[in-house]
Amino acid sequence: MKQAHARNLHMFVEETKEFVGDVALMYATGEIGGFVLKPVVGYIGKGVSTLVTEGAAKASTTIIPRTVGAASKGFSKVLQTGGHTLNNSTLKALGLTKEQGKFAIEALKRAERLPNNFHGKIMGNGDFLHPQTGEWIGNLFDYVH
Amino acid sequence: MERDNFIYKTNCELAIVANEINPDFITEELNIVPDRFFRKGDITTSKHTTRTGKKAYNLWAITSKSTESEEETIKPHIDYLKSLLLPKLDILKRYKLDERFEVSVWIWLETNNSGMGLELDEEQLDFLGAISNRIHFSLITKK
């Protein structure tokens, strides 16, 4: 029982460290502002604020493109590959209504003249990639109405 | 679009996509200035993420002006395309048959109604069929 608790506690600490590191990296790369960072630190507790400082210091020594910074917070996650319509989970992750999503995907396909059966990869930051080559075609948020 | 009556916002675009043929060549041959175009290799940038990509092909397009109407029709847009393109019908028929080109018509329909019905008559079908390899309908409705 104790071992199980210790294992859970260890996992919690590791996940928290990873989360705080991500938040620090996002802060350092300008992805989020202090108004997000402060409540996060406050919520987790002052004991881990040093991790934030360390994470930010580590991040600030490296020039990280915005897209890489975005990757650290899961923005590079593939939300959807294939399908004729945007899934509810994809819409939710992107924070779009069904109407906005439909408008954006149709407008992007029209702008690029993609055939109806072209099913790109939709990433967490709205990027739309070629399903085979991974080539960047556009970003859904550029077409949100 | 927030009105009591149902409104249909529509427009049509004809685009010619080609891998090797430059849009300037199409502009010159048709003697029509495109409403938009891009060239293969052009760099495009996202306003949202500043990510860039290269256009993989050439595109030349003309678009009818977007209109809002209470009528479920795209006739004014097809008439507009006809006014520009009927004198160039032979060239467009040639493009349609030429594997180096893909000619498509994109019909855009937005409505605050839950759906819409649309009819194309024989003359419209003949015209669109004569000049294009495919026709796409984008129908955006409100819940």
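What you see is a predicted model; the values in this text were computed from it and never measured.

1. So, the overall build of chain B
Across its full length, chain B holds four helices and eight strands. Across chain B, helices and strands are ordered from the amino to the carboxyl terminus as β-α-β-β-β-β-β-α-α-β-α-β. Counting only C-alpha atoms and orienting by the principal axes, one finds that chain B spans roughly 50 × 45 × 20 Å. Burial statistics for chain B: of 143 residues in total, 46% are counted as buried. For chain B, the proportion of contacts with a sequence separation of at least 24, taken over those separated by at least 6, is 77%. Put simply, chain B shows about 7,800 Å² of open surface, and 48% of that area lies on carbon and sulfur atoms. Taking the 20 positively charged and 24 negatively charged side chains of chain B as two groups, their mean positions are separated by 8 Å.

2. Examining the packing of aromatic side chains
The full count for this structure, using the stated rule, is four aromatic pairs over all chains. Relative to F128 of chain A, the ring of F118 of chain A has its centre 6.1 Å away and its plane inclined at 40°; by these criteria the two rings are tilted. You can see F118 of chain A sitting in the loop between α6 (98-112) and β2 (121-123) and its partner F128 of chain A sitting in strand β3 (residues 127-129), a full ten residues away along the chain. When sorted by exposure, F118 of chain A lands in the same class as F128 of chain A, which is buried. Between Y95 of chain B and F101 of chain B, the aromatic rings sit 4.1 Å apart at their centres with planes inclined by 20°, giving stacked as the arrangement. A relative accessible area of 0% means that Y95 of chain B is categorised as buried. F101 of chain B gets classed as buried once you look at its relative accessible area, which sits at 6%. If you follow K55 of chain B out to its NZ or CZ, it ends over the ring of F38 of chain B, 4.2 Å from the centre.

3. Quick word on the interface of chain A and chain B
Interface extent is often summarised as the accessible area lost during association of the parts. Taken together, the 23 residues of chain A in the interface contact 35 residues of chain B. The contact between chain A and chain B buries some 2,400 Å² in all, and 52% of this surface belongs to carbon and sulfur atoms. Among the residues of chain A in contact with chain B, R110, R113 and W136 of chain A are the three that bury the most area, contributing 36% of the side total. Summed over the shared surface of chain A and chain B, the result is three salt bridges. For E112 of chain A, the salt bridge goes to K55 of chain B, with nearest N and O atoms at 2.5 Å. Taken together, chain A and chain B are joined by 14 residue pairs in polar contact (both at pLDDT 80 or more).

4. Quick notes on helix α3 (residues 89-97) of chain B
Residues and elements named next belong to chain B. Along α3, the positions that sit buried rather than exposed are L89, I91, L92 and Y95. With its buried residues spanning 160° around the axis, α3 presents them on a single face. More than 90 degrees from the buried face of α3, the exposed residues found are D90 and L97. Where the residues of α3 are buried, they touch β1 (8-18), α1 (23-30), α2 (75-85), β7 (101-111) and α4 (122-131).

5. What about the confidence of the model for chain A?
All names here are of chain A. The predicted model of chain A averages 69 in pLDDT, with 48% of residues at 70 or higher. Highest mean pLDDT in chain A belongs to strand β4 (residues 136-139) (95); lowest belongs to helix α4 (residues 66-72) (40). Contacts of residues 27-31 to residues separated by more than four positions or lying in other chains number 15 contacts, the stretch itself having pLDDT below 50. For residues 34-72, every residue scores under 50 in pLDDT, and the model assigns this stretch 42 contacts once sequence neighbours within four places are set aside.

6. Some thoughts on the pairing of β7 of chain B
Residue and element names in this part refer to chain B. In terms of burial, β7 is largely enclosed, as ten of its eleven residues are buried. Pairing between β1 and β7: eleven bridges, direction antiparallel. Each bridged residue has a counterpart across the sheet, and for A15 the counterpart in β7 is S104. With eight bridges connecting them, β7 and strand β8 (residues 134-141) associate as parallel partners. For V105, the partnering residue across the bridge sits in β8 and is I135.

Definitions and cut-offs
- Residues numbered from 1 in each chain as written.
- Chains lettered and ligands numbered in written order.
- Predicted model: local features only at pLDDT ≥ 70, side-chain atom pairs only at ≥ 80, totals over all residues.
- Heavy atoms only, no water.
- Helix = DSSP H or I, 4+ residues; strand = E, 2+ residues; numbered from the N terminus.
- Buried < 20%, exposed > 50% of the residue type's maximum accessible area, 1.4 Å probe, protein only.
- Contact = heavy atoms within 4.5 Å.
- Areas by Shrake-Rupley, 256 points an atom, 1.4 Å probe, with all protein chains shown as cover.
- Lys, Arg positive; Asp, Glu negative; His and termini not counted.
- Charge placed at Lys NZ, Arg CZ, Asp CG, Glu CD.
- Phe/Tyr/Trp six-rings, centres within 6.5 Å; stacked < 30°, edge-to-face > 60°.
- Lys NZ or Arg CZ within 6 Å of the ring centre and 35° of its normal.
- Buried area = accessible area lost by both parts, 1.4 Å probe.
- Salt bridge = Lys/Arg side-chain N within 4 Å of Asp/Glu carboxyl O.
- Polar contact = N/O pair within 3.5 Å; in protein donor to acceptor, adjacent residues only side chain to side chain.
- Arc of directions from axis to C-beta.
- pLDDT = per-residue confidence, 0-100.
- Pairing = 2+ DSSP bridges.

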